[in-house]
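Close look at the chain arrangement
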Amino acid sequence: MRCPAVYPPDPTLGITDPQMLPPPKLLRRSRNYEHRPCPECGKSCPRDRVRTRTLHDLGDAVGGRPRDIQLTYSQHHCTRCRHYFPADMSDLAAPKALYTHRVVALAVRLVVEDGLPYQTASWHLWRDHRVFVPYATIQNWVEARGKKGGRSNPCGLPRLGLFWNSRQSSPSP
Ligand SMILES: [Zn+2]
């Protein structure tokens, strides 16, 4: 019987080549429609073609494998505005993003709220959530967020700690 305090190391510890990591489980999702309203004029527009994109999502921590979403989506053409647009999939990921919103949100939270260095956040995402995100990518997300809304937590303290400090030291204005 294994002593509760003894745990085996992560089997992927020490792997430096992402190609050597366990292969992802594929989940198929569809945003494939015959008609969609044009985002500019609202006209119902027929499907012009069907495309696919792959999104890296939070992985399967129990099975130890990453999880990719293979997303099939329709592209539509508006004859009135003369432009092409894809079916809305903004619930899953930002346009042209390789990762789902869930991955981006968790990565940013690890850095901004928990104060983890980028490389540690990258390892945490892999070890506990089985999603491989290069630390430079996490840095881009955090910096992009800073440009948009500013850091909500300039001291780098966990949010609860910040809340707690402000309650202790300064009465509300
Ligand atoms: Zn239109």
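Residues numbered from 1 in each chain as written. Predicted model: local features only at pLDDT ≥ 70, side-chain atom pairs only at ≥ 80, totals over all residues. Heavy atoms only, no water.

1. Regarding the packing of aromatic side chains
The geometry of an aromatic ring pair is captured by two quantities: the separation of the ring centres and the angle between the planes. One pass over the full model with this rule turns up one aromatic pair. Ring plane angle 80° and centroid distance 5.3 Å describe the contact between Tyr-99 and Trp-141, whose orientation is recorded as edge-to-face. One end of the pair, Tyr-99, is in the loop between strand 5 (83–86) and helix 1 (101–112); the other, Trp-141, is in helix 3 (residues 135–149), and 42 residues separate them in sequence. Judged by relative accessible area, which is 9%, Tyr-99 ranks as buried. Between Arg-36 and the ring centre of Tyr-33, over which it is positioned, the NZ or CZ distance is 3.7 Å. (Phe/Tyr/Trp six-rings, centres within 6.5 Å; stacked < 30°, edge-to-face > 60°. Helix = DSSP H or I, 4+ residues; strand = E, 2+ residues; numbered from the N terminus. Buried < 20%, exposed > 50% of the residue type's maximum accessible area, 1.4 Å probe, protein only. Lys NZ or Arg CZ within 6 Å of the ring centre and 35° of its normal.)

2. Some details on the side chain of Gln-75
By the secondary structure assignment, Gln-75 is in strand 4 (residues 65–78). Within polar-contact distance, the side chain of Gln-75 engages the side chain of Arg-51 at 3.1 Å. (Polar contact = N/O pair within 3.5 Å; in protein donor to acceptor, adjacent residues only side chain to side chain.)

3. Remarks on the nonpolar core
The nonpolar side chains of a soluble globular protein tend to be buried, and buried together. Core analysis: the largest hydrophobic core is formed by 16 residues, its most contacted members being Val-103, Leu-125, Val-131, Val-133, Ile-138 and Trp-141. Only helix 1, helix 2 (118–129) and helix 3 provide two or more residues apiece to this core. Among the elements that take part in this core, helix 1 stands out by supplying seven residues, more than any other. Counting residues in hydrophobic clusters, the runner-up holds seven residues, among them Ile-69, Tyr-73, Leu-92 and Ala-93. (Core = buried A, V, L, I, M, F, W, Y, C linked by side-chain atoms within 4.5 Å.)

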